[in-house]
Amino acid sequence: MRSDQQEYVVLESVASAQPRFVYLESTDRCNARCLHCYHYHRTFGMDMQKQVMRKAIDALSESVEMIVPQGMGEPLIADSFYDIVEAFKGKAVRFVLVTNAIMLRDERLVRRLVRSPINIGISIDGVRPETFGFVRPQPGWKRLLEALALVQLCRREAGPECRATMSLNCVAMKETIPELPDLVRMAHAYGAWAVFVCALSGDNGVEKLRGQSPFEAPEAAVPALLEAMAVSREFGVELFAPPSFHDMVRESARADGDSWRAGLSPPARHILGQYARRSAGGGDADRPRAGRGFGSCKQPWEWTFIASNGAVRACCMPGPNLGDLNAEDWGKIWNSPRYRSFRRLTRGWNPPAICRACHMPDGINEGDNNRYAAFFGRFRAEPVDVGGDGAEFGGGFQRMKDGDGKTAWRLKNGVGTIRIPKTSGARFLGFAIKSAGQYDLSPAECVVNDGPPEPFDLSCDRVHFPVDHVEAEFLDVRVEMEDGGASGLVVREAFILH
């Protein structure tokens, strides 16, 4: 099968419309120190500047359908939070926020909040004081329950004036995911319409979080997911889990002999049987997978993120800046060359570094931040000697010594060629390159034997290009940096994947 044989949704790099959904980072300050957050490590932050907010509102007020007034901080502590809400008063705009609930014990604030068109998403990862406090030492379990009860009371008292909905948000990890069924029950008890689940991304450098990824513990995650699905159906509470979670359940449904199966409730066992029957009938190749081995992210076409300091990014992940509202008008940012380059990268084999580590459910990894790496990890790598006869670096490349004394090749003027013998069964040609860091966007293109141009950038340390279309004896590679100037591209190693 060709590496690109799967159907892939083609989107032009130029977005045909303004973003429908916008993150307006009202603040990146926070009043908590959750274990899995950047704020656990250090204190930082600022509220959104008035001039940035005004420019964003003026530019997007006619097109936006939903606003998420937050980013890295707690939105309810921002002076600009209600300024943003009031600016869109009378427009058909829905607001979505996720809060740690510390501020939701302020009765006056909650009464105002429930009369606004907002979904109040409350972060709760466990349903016992011990598991909740494991990740979120603030606000404390008792105070969290007080906040939930106050929101429920104020929504009821508002009657027909209530315009707010409530959901619960869970960052699933090995320690907390067994409590997911009870979290769904808790959502029902407090009048929440949905539970949104995402996975812990990596270990964030915190010793307590090492090994806590739910994908490392399917024996705990899968039964919890099945039971939570059963409770969701029983109480009518929506349960939103990433596609990669459902993949984990599918894989377990195809396997036999798991000891946890005997402990499933009848409704959960029925759901597992549905997965198994669909798998047996081929129905699980069924989930529309916009191909290339990993997911298809539409956020750079439908979303934008405007940070409190005016920086513009494609989404809520901390990737490269694509514009600056302090210095540029929005009309020049949305389809700028830089934004278009980022879009091209997300649709190719070599998305930017931040996309490869994405844990968002609708991102490239579909909720599992290891999906991209796992896809290429399944191939056998055959090294190519870049210091001898294994590869011929032509015009544009200059031999150099890498930091460890090995031969490497620097692209001098933005365009260069490489010739490598093709081996039988080759699927991808790969290069280890010198990374410029995840915030750097230095876009380039690679063409192998007159195949389609494959975009890449220098934010990563490895890039891969499909070669199964090549029938010639050699892989003839042409690399060109988009800026056409000094590129900073350094090729350290080459390898062929089979």
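Here the residue numbers are simple positions, counted from 1 along each chain's written sequence. Totals for whole chains, interfaces and linings use all residues, but because this is a predicted model, local features are given only for residues with pLDDT of at least 70 and pairs of side-chain atoms are given and counted only at 80 or more. Hydrogens are left out, water is left out, and the side-chain values use all remaining heavy atoms of the structure.

Considering the side chain of Asn119
Counting from the N terminus, the helices are the DSSP runs of H or I reaching at least four residues and the strands are the DSSP runs of E reaching at least two. Among the secondary structure elements, Asn119 is positioned in strand β4 (residues 118-123). For Asn119, a relative accessible area of 8% puts it in the buried group. Under this definition, polar contacts are N or O atom pairs within 3.5 Å; protein pairs additionally need one hydrogen-donor-capable and one acceptor-capable atom, and for neighbouring residues in sequence, both atoms have to be side-chain atoms. Of the polar contacts made by the side chain of Asn119, one reaches the side chain of Trp193; its length is 2.8 Å. By the convention used here, residues are in contact when the closest approach between their heavy atoms is within 4.5 Å. Those residues in contact with Asn119, other than ones at most four positions away along the chain, are Arg94, Phe95, Val96, Leu97, Thr165, Met166, Ser167 and Trp193. Only protein chains enter the area calculation, which uses a 1.4 Å probe; residues under 20% of their type maximum are buried, those over 50% are exposed, and those in between are partly exposed.

A few points about the pattern of salt bridges
Between Lys or Arg on one side and Asp or Glu on the other, a salt bridge is scored when a side-chain nitrogen of the former is within 4 Å of a carboxyl oxygen of the latter. Summed over all chains, the structure comprises 24 salt bridges. Between Arg371 and Asp247 there is a salt bridge, with the nearest N and O atoms lying 2.8 Å from each other. One end of the pair, Arg371, is in helix α14 (residues 371-377); the other, Asp247, is in helix α8 (residues 243-254), with 124 residues separating them in the sequence. In this structure, Arg371 and Asp247 share a single accessibility class: buried. Via salt bridges that share partners, Asp247, Arg250, Glu366 and Arg371 belong to a single interconnected network.

Some remarks on helix α6 (residues 180-189)
Within the span of α6, buried status applies to Leu180, Pro181, Leu183, Val184, Met186 and Ala187. If you follow the buried residues of α6, they end up packed against α5 (141-158), β5 (165-172), β6 (194-199), α7 (218-235) and β7 (238-240). Phi for Gly191, located one or two positions after α6, is positive at around 80 degrees.

Digging into the pairing of strand β20 (residues 474-481)
Side chains Leu475, Val477, Val479 and Met481 of β20 all project onto a buried face; the interleaved residues Phe474, Asp476, Arg478 and Glu480 project onto a face where none is buried. At least two bridges found by DSSP between two strands are what make those strands a pair. Relative to β20, strand β15 (residues 415-421) runs antiparallel, the two sharing 7 bridges. Across the sheet, residue Gly416 finds its bridge partner in β20, namely Val479.

So, the state of the cysteines
Disulfides are defined as cysteine sulfur pairs within 2.5 Å. Applying the stated rule across the entire model yields 0 disulfides. Free of any disulfide, Cys154 has its nearest cysteine sulfur in Cys162, 9.5 Å distant. Counting only cysteine sulfurs, Cys315 is the nearest neighbor of Cys297, a cysteine outside any disulfide, at a range of 6.3 Å.

Thoughts on the pairing of strand β14 (residues 407-411)
In terms of burial, β14 is a largely internal element, 4 of the 5 residues being buried. Looking at chain direction, strand β13 (residues 397-401) and β14 are connected through 5 bridges and run antiparallel. From the neighbouring strand, Gln398 faces β14, where its bridge partner is Arg410. If you look at the hairpin formed by β13 and β14, you'll find 5 residues sitting between the two strands, and Gly405 has a positive phi there, around 85 degrees.

Section: the side chain of Ser26
Counting through the fold element by element, Ser26 comes out in the loop between β1 (21-24) and α1 (50-60). Ser26 gets classed as buried once you look at its relative accessible area, which sits at 0%. Contacts of Ser26, omitting those with residues within four sequence positions, involve Asp47, Met48, Pro69, Gln70, Pro75, Ala78, Ser80, Phe81 and Ile84.

Topic: the packing of aromatic side chains
Each pair of aromatic rings taken from Phe, Tyr and Trp, with Trp reduced to its six-membered ring, is defined by centres within 6.5 Å and is described as stacked if the planes are under 30 degrees apart, edge-to-face if over 60, and tilted in the remaining cases. Under the defined criterion, the tally for this structure stands at 25 aromatic pairs. For the ring pair Trp349 and Phe376, a centre distance of 6.1 Å and an interplane angle of 65 degrees mean the geometry is edge-to-face. In this pair, Trp349 sits in the loop between α12 (337-346) and α13 (353-356) while Phe376 sits in helix α14, placing the two residues 27 residues apart along the sequence. Just as Trp349 is buried, Phe376 falls in that class too.

Things to note about the sheet that holds β15
Read across the sheet, 5 strands follow the order β12-β15-β20-β17-β18 without closing on themselves; strand pairing throughout is antiparallel. Two strands bound the open sheet, and with one partner strand each, they are β12 (392-393) and β18 (454-456).

Examining the environment of Leu325
Mapped onto the elements of the fold, Leu325 is located in the loop between β10 (323-324) and α11 (330-333). C-alpha of Leu325 to C-alpha of Cys315: the two residues are 10 residues apart in sequence and 16 Å apart in space. If we ignore the near neighbours within four places in the chain, the residues touching Leu325 are Val52, Lys55, Ala56, Ile306, Gly310, Val312, Trp330 and Ile333.

A look at the sheet that holds strand β8 (residues 303-306)
The strand order across the open sheet formed by 10 strands is β7-β6-β5-β4-β3-β2-β1-β8-β9-β10, and the pairing between neighbours is mixed. Strands at the two margins of the open sheet, each flanked by one partner only, are β7 and β10. The pairing of strand β3 (residues 94-99) with β4 spans 5 bridges and is classified as parallel. Note that in β4 the partner of Phe95 across the bridge is Ile118. For helices, the fitted axis covers only the stretch in contact; all axes are lines through C-alpha atoms, and the angles between them, taken along N-to-C directions, range from 0 to 180 degrees. Contacts between α5 and the sheet are confined to β4 and β5, with β5 contributing the most and set at about 155 degrees to the helix.

Digging into the confidence of the model for the protein
How sure the predictor is of each residue is captured by pLDDT, a score from 0 to 100. Summary statistics for the protein give a mean pLDDT of 88 and a share of 92% for residues scoring 70 or more. Here residues 284-291 scores under 50 on pLDDT; set against residues more than four positions off or in separate chains, the count is 23 contacts.

Here's the deal with the packing of α6 against α7
Between α6 and α7, the shortest axis-to-axis distance is 7 Å and the interhelical angle comes to 20 degrees. Judged by the angle between their axes, α6 and α7 are roughly parallel. Here α6 runs over α7; the crossing is right-handed. Every residue of α7 that contacts α6 at Leu180, Pro181, Val184, Arg185 and His188 is listed here: Ala224, Leu225, Glu227, Ala228, Val231, Ser232 and Phe235. Note on terminology: angles under 35 degrees are roughly parallel, angles over 145 are roughly antiparallel, angles of 65 to 115 are roughly perpendicular, and the others are oblique. Two helices crossing with the near one rotated counterclockwise from the far one by less than a right angle form a left-handed crossing, whereas a clockwise rotation gives a right-handed crossing.

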